[in-house]
Amino acid sequence: MAKRQPKRSERTVRREGERATTRLQEDRERLFALEPGGRIERPIEAASAAVIEAHATSVPCPRCGSSQEVTEHIALVHQGVRLREAQLRCRQCGSRRSLWFKIVGNSLN
Ligand SMILES: [Zn+2]
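A brief report on the enclosed structure follows. Note that the structure is a prediction, hence the values are computed from the model and not measured. (Residues numbered from 1 in each chain as written. Predicted model: local features only at pLDDT ≥ 70, side-chain atom pairs only at ≥ 80, totals over all residues.)

1. Some details on the sheet that holds strand β1 (residues 44-46)
Going by this rule: Two strands qualify as a pair provided DSSP detects at least 2 bridges between them. Strands are runs of DSSP state E lasting at least 2 residues, helices are runs of H or I lasting at least 4, and numbering of each runs from the N terminus. Only the stretch in contact is used when fitting a helix axis, every axis being a line fitted to C-alpha atoms; angles between N-to-C directions are given from 0 to 180 degrees.
The strand order across the open sheet built from four strands is β1-β4-β3-β2, with neighbouring strands paired in mixed fashion. The open sheet is flanked by β1 and β2 (68-78), the only strands paired with a single partner. Neighbour to neighbour, the strand axes of the sheet diverge by 35° on average, direction disregarded. Here β2 pairs with strand β3 (residues 81-90) via 10 bridges, running antiparallel. Directly across from Ile74, in β3, lies its bridge partner Glu85.

2. Describing the nonpolar core
Among soluble globular proteins, nonpolar side chains are generally buried collectively. What counts here: By definition, a nonpolar core groups buried Ala, Val, Leu, Ile, Met, Phe, Trp, Tyr and Cys residues that are joined through C-beta atoms within 7 Å. The exposure label follows from counting other C-beta atoms within 10 Å of a residue's C-beta, where the C-beta atoms are placed from the backbone and the thresholds are 20 or more for buried and 12 or fewer for exposed, leaving partly exposed in between. We call two residues in contact if the C-beta atoms placed from their backbones are at most 7 Å apart.
Counting residues in hydrophobic clusters, the biggest one holds nine residues: Ile44, Ala46, Ile52, Ala56, Ala86, Leu88, Leu99, Trp100 and Phe101. The greatest single-element share of this core, amounting to three residues, is contributed by strand β4 (residues 96-103). Ignoring sequence-local partners within four residues, the contact set of Phe101 consists of Gly37, Pro43, Ile44, Ala46, Ile52, Leu83, Arg84 and Ala86.

3. Structural notes on the pairing of β2
Little of β2 sits out of view: just one of its 11 residues are buried. Remark: two residues form the turn of the hairpin made by β2 and β3, two consecutive strands paired antiparallel; Gln79 in that turn has positive phi of roughly 50°.

In structure tokens:
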């Protein structure tokens, strides 16, 4: 009699695949946070508030690569610097994150 090969169940294989995907997504999320605009300490320089939403929505979701929408656009001051927070939500997977901007336009007001 041939020995039965220990076979991993389909569910186990699927779970392992999901775990690997989750790890990859978490890595991408971490990378996103390291890029300009990913953290409040490293805002993207924007010429004016008007360009922020267009820029923010042009950045794909780090998890699935789909387009994101701006759900909130918040003006705030952080350590004396005027910043904008664009809160993003992925249209595909629904994950959320923020993109940070600093207005560096010429108009001083
Ligand atoms: Zn997504």
